[in-house]
Amino acid sequence: LAKTTQPISMDSYEGQEVNITCSHNNIATNDYITWYQQFPSQGPRFIIQGYKTKVTNEVASLFIPADRKSSTLSLPRVSLSDTAVYYCLVGDMGGTGNTPLVFGKGTRLSVIA
Amino acid sequence: NAGVTQTPKFQVLKTGQSMTLQCAQDMNHNSMYWYRQDPGMGLRLIYYSASEGTTDKGEVPNGYNVSRLNKREFSLRLESAAPSQTSVYFCASSNTGELFFGEGSRLTVL
């Protein structure tokens, strides 16, 4: 199982860019990197997914170096509503479902006004 | 669209009682998962099912059993509930690795 390591918590002011890094040293060739956001009393929801280099969507960017042993989720200009726990997940996303998708401990982001 | 539906949303059990958490998805996904989340903690995988008729253990399977009844439904059973199983249980489904979660089932074992 590809294990991930993230900072336990981070604080940021509103309007700042936040970068959360995840380490996954034993990532496998077929593994993708996916980030989820979780608010209290809700299930996690998908933010972004990538395999290598850079991926950008309307809410975030994901940077993955060539060795793929880490990844960085970038949230531009955070607001109070971005206060949540962010999880990095590594696994085979080929749709076979044979990979047990294991979450790490997550990073608790607190956005301050 | 319903997505992933879990029942019940809340349940209180006494130690030793049994119960089944139900999960159904209407997205025609092959893979389904059961996670538990203790207060202030991350999600831990209990069991998963890659396809109808197959199930595999996750990180914390002890004390639980599962059934992949058909492609839509994946149930989690506690045969003899213990206070350590007090938690919020999330069911999820996936086809391409993006997990879709239910709203969770909050279980308290007294």
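For the structure itself, consult the block above.
Residues take numbers from 1 onward in each chain, read along the sequence in its written order. Following the order in which they are written, the chains are lettered starting with A and the ligands numbered starting with 1. For this predicted model, a pLDDT threshold of at least 70 governs which residues receive local features, and a threshold of 80 or more governs which side-chain atom pairs are given and counted, while totals over whole chains, interfaces and linings are taken from all residues. As a rule here, side-chain values come from all non-hydrogen atoms in the structure, and water together with hydrogens is ignored.

Time to look at the overall build of chain A. Numbering of helices and strands starts at the N terminus; helices are DSSP runs of H or I of at least 4 residues and strands are runs of E of at least 2. Helix and strand content of chain A: 0 helices and 9 strands. In chain A, the order of α-helices and β-strands from amino to carboxyl end is β-β-β-β-β-β-β-β-β. We take the radius of gyration over the C-alpha atoms and set the globule estimate at 2.2 Å times the residue count to the 0.38 power. Relative to the 2.2 N^0.38 estimate, which gives 13 Å for 113 residues, the radius of gyration of chain A is 14 Å and therefore close to what a compact globule would have. The principal-axis extent of the C-alpha atoms belonging to chain A is close to 40 × 30 × 25 Å. The proportion of buried residues among the 113 residues of chain A is 48%. The rule is simple: take the accessible area with a 1.4 Å probe, protein chains only, and divide by the maximum for that residue type; under 20% is buried, over 50% is exposed, in between is partly exposed.

Another aspect to go through is the pattern of salt bridges. All names here are of chain B. A carboxyl oxygen of Asp or Glu within 4 Å of a side-chain nitrogen of Lys or Arg is what we treat as a salt bridge. Tallied over the full model, the rule gives 4 salt bridges over all chains. Glu-103 is the partner of Lys-9 in a salt bridge, and the nearest nitrogen-oxygen pair spans 3.9 Å. Placement of the pair is Lys-9 in the loop between strand E1 (4–7) and strand E2 (10–13) and Glu-103 in the loop between strand E10 (100–101) and strand E11 (105–109), with a sequence separation of 94 residues. The closest approach of N and O atoms between Arg-36 and Asp-38, which form a salt bridge, is 2.8 Å. Here the salt bridges do not stand alone but share partners, grouping Arg-36, Asp-38 and Arg-44 into one network.

Next up on the list: the sheet that holds strand E5 (residues 53–56) of chain A. Residue and element names in this part refer to chain A. In space, the 4 strands of this open sheet follow the order E2-E7-E6-E5, with antiparallel pairing throughout. Only two strands of the sheet have a single partner each, and these edge strands are strand E2 (18–23) and E5. Within the sheet, the average angular offset between the axes of one strand and its neighbour, ignoring direction, is 15 degrees. DSSP-based pairing: two strands are paired if at least 2 bridges between them are found. Taken together, the 6 bridges between E2 and strand E7 (residues 70–75) define a ladder with antiparallel strand orientation. The residue of E7 that forms the bridge with Val-18 is Leu-75. The convention used is that axes are lines fitted to C-alpha atoms, helices contributing only their stretch in contact, and that angles between N-to-C directions extend from 0 to 180 degrees.

To continue, consider the sheet that holds strand E3 (residues 19–25) of chain B. All names here are of chain B. The antiparallel open sheet is built from 4 strands, whose spatial order is E1-E3-E8-E7. At either margin of the open sheet sits one strand with a lone partner, and together these are E1 and strand E7 (65–68). Recorded for the sheet is a direction-independent mean angle of 15 degrees between the axes of neighbouring strands. Two elements, E1 and E3, share 4 bridges in a ladder whose sense is antiparallel. If you follow Thr-7 over to E3, its bridge partner there is Gln-22.

Here we take up the interface of chain A and chain B. Reports often express the size of an interface as the amount of accessible area lost when the parts come together. Note on definitions: a residue-residue contact is assigned when non-hydrogen atoms from the two residues lie within 4.5 Å. At the interface, 22 residues of chain A touch 23 residues of chain B. Whenever two N or O atoms come within 3.5 Å, that pair is a polar contact, provided that in protein one can donate a hydrogen and the other can accept it, and provided that, for residues adjacent in sequence, both atoms are side-chain atoms. Viewed at the interface, chain B and chain A are joined by 4 residue pairs in polar contact (both at pLDDT 80 or more). Polarity classes work like this: nonpolar for Ala, Val, Leu, Ile, Met, Phe, Trp, Tyr, Cys and Pro, charged for Asp, Glu, Lys and Arg, and polar for all others, with Gly in that last group. Per-class residue counts for the side of chain A that touches chain B are 10 nonpolar, 11 polar and 1 charged.

Moving on, we get to the layout of surface pockets. The pocket and cavity definitions rest on a 1 Å grid over protein atoms only: a 1.4 Å probe that fits but cannot leave marks a cavity, an open set with protein on both sides within 12 Å along at least five of seven lines marks a pocket, and residues lining either have an atom within 4 Å of a point. Grid points are joined across faces, edges and corners, and a volume is the space filled by probe spheres set on the points. Taken as a whole, the largest pocket holds about 890 Å³ of empty space. Forming the boundary of the largest pocket are 41 residues, of which Tyr-87 of chain A together with Gln-37, Gly-40, Met-41 and Gly-42 of chain B lie nearest the centre. Mapped by element, the contributors of at least two residues to the lining of the largest pocket are strand E8 (84–92) and strand E9 (107–112) of chain A together with strand E5 (43–49), strand E9 (87–94) and E11 of chain B. The dominant element in the lining of the largest pocket, judged by the number of residues it contributes, is E9 of chain A, at 4 residues.

In short, the description is geometric, and any link to function would need to be established separately.
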